[in-house]
Amino acid sequence: MNNKPRINELIGKILEFLGKEYVTFGKAHVRGLYAWPFIGIMAGAVAGIAFTANRSAGVVFMADRSVEAEFRRARVVSTGWSTWFVFPNWIFGGQYIAGDPSVELAPDGFHMAYTDHEIVGRTSISPVIDRAWSPDGVNWTRIESILHGRPSYWDRWVETADLIRLSNGTWRLYYSGYIPIPILGPADIGLAITNNPQPKNFVRYGRILQRENNWLDKDALYSPAVFKSGNTWYMIYTGWVISGPKAGIRLLGATSTNGLTWEKYKVAPVLEGPPLGLAWTRTGVAEAHILVGTDGWFYLFFTGIVDEGATQERNIGIARSRNPFGPWDVNQNPIVPDTGSGWNHFVLAPTVELLEDHVKMWFLGLTPNEDAKVGYATSSWPLWTGRISPSP
């Protein structure tokens, strides 16, 4: 463990200054960390490998660390999925917090963009996007802040970034930005670009996707996940509607020919939680990541939400499809379930990388006191070993 002091009391006082509305809504607000109390975090490491079975099928906890997007056609599949091994301890804590990880593999190692925060004086606090580097995906070193909010613009606060490395070695940073207000920041999606061989010195390209009153993102767009297949760029993001007949938290889509100018996909949501009929997605789904598999399938990782008064759950699930926006074969069980206690009481916001014969996953874990940490899990490749017929 390092010697970073915990700053919970300080952050609690600052939050009281900023307004307690964020805290009240926070547990339902899975798009990031800034509706929750801002907290301090410690970084640590453990060694060795042993296995103990977890309560959810297809998951093993390690004892030590060492589309047509027609959601109505999604089908639930109970068997045939690979087993995930979850490290028992969190692996990275950032400067103060480490939320919403996005990991990209480059020739020199693993690069992570994540949500941290910065404190100015004694009364001003805001999210910031930082980066970290790792030689192996497990041992991380914070490098620097790479994108700050702008006080006089639409992206006064920034968070939930997706870090993308292009084939020419340059980088893009897709992110959510908003002016903070109580309950939910009305976020849009922006883009920053750098030609540096390291993911730094980003220059803002602009706001690329905005809220629409007549669509399922009228209140907020969060957590962009961007990938390319063939000549088309795809984005899956979390759309928010707070109230009314279309209220919900859903995964939505957009497409682009260059990754710069985007058009929303409005045939249907990419995925909705309640129609799946699963207990752990009955409130909604959020915070996606797509793995373009070498087997010709698209693998969708996402957060399943349960928000029913005192019953609060966040679990990580997986689905697959032959098409970027589905329809999906959805694993009926979470692949990384929340534990109901400890640092991973809630688990959300997965990001993954495929390395030949195995898949690495990084995710956000929250304690009951809402301390935030980056967790880690692995699984063998292929992720699917079953024998059902392919999706239509």
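Residues numbered from 1 in each chain as written. Predicted model: local features only at pLDDT ≥ 70, side-chain atom pairs only at ≥ 80, totals over all residues. Heavy atoms only, no water.

1. Considering the sheet that holds strand 12 (residues 203-209)
Here we have four strands laid out as an open sheet, ordered 9-10-11-12, and antiparallel in their pairing. Across the chains shown, the open sheet's two edge strands, defined by having one partner strand only, are strand 9 (157-165) and strand 12. Pairwise comparison of adjacent strand axes, ignoring direction, gives a mean angle of 25° for this sheet. Pairing of strand 11 (residues 188-194) with strand 12, which is carried by five bridges, proceeds in the antiparallel orientation. Each residue of the ladder has a partner; that of I193, found in strand 12, is V203. (Pairing = 2+ DSSP bridges. Helix = DSSP H or I, 4+ residues; strand = E, 2+ residues; numbered from the N terminus. Axes fitted to C-alpha atoms, helices over the stretch in contact; angles between N-to-C directions.)

2. Details of the sheet that holds strand 7 (residues 124-134)
What holds strands together in a sheet is hydrogen bonding between their backbones, with the strands either parallel or antiparallel. Judged by pairing direction, the sheet is antiparallel, and its four strands sit side by side in the order 5-6-7-8 without closing on themselves. Edge positions in the sheet fall to strand 5 (99-106) and strand 8 (141-148), since each of these pairs with one other strand and no more. Averaged over neighbouring strand pairs, the angle between their axes works out to 35° when direction is ignored. Note that strand 6 (residues 109-120) and strand 7 share 11 bridges and pair antiparallel. The partner of H111 across the bridge, within strand 7, is W133.

3. A look at the nonpolar core
Counting residues in each nonpolar core, the largest one holds 23 residues, and the members touching the most others are Y299, F301, V336, M361, F363 and L383. At the level of elements, strand 4 (84-86), strand 18 (298-308), strand 19 (311-321), strand 21 (346-355) and strand 22 (358-366) are the ones that each hand at least two residues to this core. Broken down by element, the residue count for this core peaks at three residues, all from strand 22. Formed by 21 residues, the second largest nonpolar core is a distinct cluster that contains A74, L251, F325 and W328. (Core = buried A, V, L, I, M, F, W, Y, C linked by side-chain atoms within 4.5 Å. Buried < 20%, exposed > 50% of the residue type's maximum accessible area, 1.4 Å probe, protein only.)

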